[in-house]
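The chain contents come next:
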Amino acid sequence: MTPSVQLYTVRGHLAEDLPGTLEAMAGIGFTQVEPYAFVERAAEYAEHLTRLGLSAPTAHVKLIDADLDAVFAAAKQLGISTIIDPHIDESRWTSRESVAGIARELKGIAAKAADHGLAIGYHNHAFELENRIDGTAALEVFAEEVGDAVVLEVDTYWAEVGGESAPALLGRLDDRVKALHVKDGPKTKNDKEQVAVGAGSMPIAEILAAAPQALRVIELDDFDGDVLQAVTDSYNFLAGTK
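Please read these numbers as outputs of a predicted model, since none were measured by experiment.

### A word on the packing of helix H3 (residues 42-52) against helix H4 (residues 68-78)
Interaxial distance between H3 and H4 falls to 9 Å at its minimum, and their mutual angle equals 15 degrees. Classed by the angle they form, the pair H3 and H4 counts as roughly parallel. With respect to the hand of their crossing, H3 and H4 are arranged in right-handed fashion. Only Ala74, Gln77 and Leu78 of H4 make contact with H3, whose side of the interface consists of Ala42, Ala43, Tyr45, Ala46 and Leu49.

Here is the structure:
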């Protein structure tokens, strides 16, 4: 499966030169990318994704309390099929009632998105796994509450930092997981310690085997070095992994 890349990884390059950064991603070998905060730059993204033959099946943008008409219009312009909310405040993941409230809000947004032919997803950090509700990780409680109305993009690194075995978690969530954030490092909360996929301590092969149906999205939240080289190394590693 050809991997995608979360463009937040190269946010500094994007801020300076969006066309050149997308050209660099295509040059590495990517045919898919995952934009973030794409609404304001939708026309620019659309122009250069088309020019370079890149698709964006998934993208990140805040959904709760957002201008959904603008989000949906931009997503359609870019050919995005699944819009993923990348972060909902940690304080809302501490009780069953609060998690159920998140599920209701995202299900309501998903119903509106469906009218535009779009799906909605959620991406975790560590706290949705660290926070336990009656002994169960809050993310799994959310998955139960939301059913199949909202898909999951499991950030496997933050799952492990949050105390869960990522392969085991993926096995339990099964086909609700439509995408993975694949990243590597020493499993700490220091983003700068993250490394190219395959160069850290994450069980990458087991993770990929646990969710063979899921889109693989490379991401480094931060990197203390040449991030384009880290992305290249990550792509080469994943492209050679079944």
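### A short note on the pattern of salt bridges
A full pass over the atoms with the stated rule returns 13 salt bridges. Notably, a salt bridge pairs Arg41 with Glu44, separated by 3.2 Å at the nearest N-O pair. The closest approach of N and O atoms between Glu164 and Arg132, which form a salt bridge, is 2.6 Å. Of this pair, Glu164 sits in the loop between helix H8 (156-161) and helix H9 (166-173) while Arg132 sits in strand E5 (residues 132-133), and the two are 32 residues apart along the sequence. Given a relative accessible area of 42%, Arg132 falls into the partly exposed group. One salt-bridge network, in which partners are shared between bridges, spans Arg132, Glu140, Glu164 and Arg172.

### Some points on the nonpolar core
Residues Phe38, Ile83, Phe142 and Leu180 are the most contacted members of the largest nonpolar core, which totals 81 residues. The dominant element in this core, judged by the number of residues it contributes, is helix H5 (residues 96-114), at seven residues.

### A closer look at the sheet that holds strand E9 (residues 215-218)
Within a sheet, adjacent strands bond to each other through the backbone by hydrogen bonds, running parallel or antiparallel. Spatial ordering of the open sheet is given by E1-E9-E8-E7-E4-E3-E2, a layout of seven strands whose pairing is parallel. Two strands in the sheet have a free side with no partner beyond their single neighbour: strand E1 (4-5) and strand E2 (58-60). Bridge count between strand E4 (residues 119-123) and strand E7 (residues 151-155): three bridges; the pairing is parallel. Looking across to E7, one finds that His123 is bridged to Glu153.

### Concerning the side chain of Gln194
Looking at the secondary structure, you find Gln194 in the loop between strand E8 (177-182) and helix H10 (204-210). One polar contact links the side chain of Gln194 to the main-chain amide nitrogen of Asp221, over a distance of 2.8 Å. Those residues in contact with Gln194 that sit more than four places away from it in its chain are Tyr157, Trp158, Lys183, Asp184, Gly185, Glu219, Leu220, Asp221, Asp222 and Phe223.

### Brief notes about the layout of surface pockets
Approximately 220 Å³ is the volume found for the largest pocket. Lining the largest pocket we find 14 residues, and of these Tyr8, His60, Pro86, His125 and Glu219 sit closest to its centre. Its residues placed into classes, the lining of the largest pocket shows five nonpolar, six polar and three charged.

### Thoughts on the pairing of E4
Burial within E4 is extensive, with four of its five residues counted as buried. Here strand E3 (residues 82-85) runs beside E4; their pairing, made up of four bridges, is parallel. Within the sheet, the bridge partner assigned to Asp85 lies in E4 and is Tyr122. Between E3 and its parallel partner E4, the chain crosses via H5, and the hand of that crossover is right-handed.

Rules used in this analysis
- Position numbers for residues start from 1 in each chain and track the written sequence from start to end.
- Owing to the predicted nature of the model, reporting of local features is limited to residues with pLDDT of at least 70; listing and counting of side-chain atom pairs is limited to 80 or more, with chain, interface and lining totals taken over all residues.
- Processing note: side-chain calculations cover all non-hydrogen atoms of the structure and skip hydrogens and water entirely.
- Throughout, an axis means a line fitted to C-alpha atoms (over the contacting stretch in the case of helices), and angles, computed between N-to-C directions, take values from 0 to 180 degrees.
- Each helix is a run of DSSP H or I of at least 4 residues and each strand a run of E of at least 2, with the numbering of both proceeding from the N terminus.
- Note on terminology: angles under 35 degrees are roughly parallel, angles over 145 are roughly antiparallel, angles of 65 to 115 are roughly perpendicular, and the others are oblique.
- Take the far helix as your reference; a near helix turned counterclockwise from it by less than a right angle gives a left-handed crossing, and one turned clockwise gives a right-handed crossing.
- Contacts are assigned to residue pairs with any non-hydrogen atoms lying within 4.5 Å of each other.
- Salt bridges are defined as contacts in which a side-chain nitrogen from Lys or Arg sits within 4 Å of a carboxyl oxygen from Asp or Glu.
- Each residue is assigned to one of three classes by its accessible area relative to the maximum for its type, calculated with a 1.4 Å probe on protein chains only: buried under 20%, partly exposed between the two thresholds, exposed over 50%.
- Residues belong to a common nonpolar core when they are buried Ala, Val, Leu, Ile, Met, Phe, Trp, Tyr or Cys residues joined through side-chain atoms within 4.5 Å.
- Strands qualify as paired when DSSP identifies two bridges or more between them.
- Under the rule applied, a polar contact is a pair of N or O atoms within 3.5 Å (in protein, one hydrogen donor and one hydrogen acceptor; residues adjacent in sequence only if both atoms are side-chain atoms).
- Here a cavity means grid points, on a 1 Å grid over the protein atoms only, where a 1.4 Å probe fits yet cannot get out; a pocket means an open set of points with protein on both sides within 12 Å along at least five of seven lines; lining residues are those with an atom within 4 Å of a point.
- Grid points are joined across faces, edges and corners, and a volume is the space filled by probe spheres set on the points.
- All residues other than Ala, Val, Leu, Ile, Met, Phe, Trp, Tyr, Cys, Pro, Asp, Glu, Lys and Arg, Gly among them, are scored as polar; the first ten of these are nonpolar and the last four charged.
- Assignment of crossover handedness uses the view with strands pointing away from the viewer, where a clockwise path from the first strand over the helix to the second indicates a right-handed crossover.

Read these as layout, nothing more, since geometry by itself doesn't imply function.
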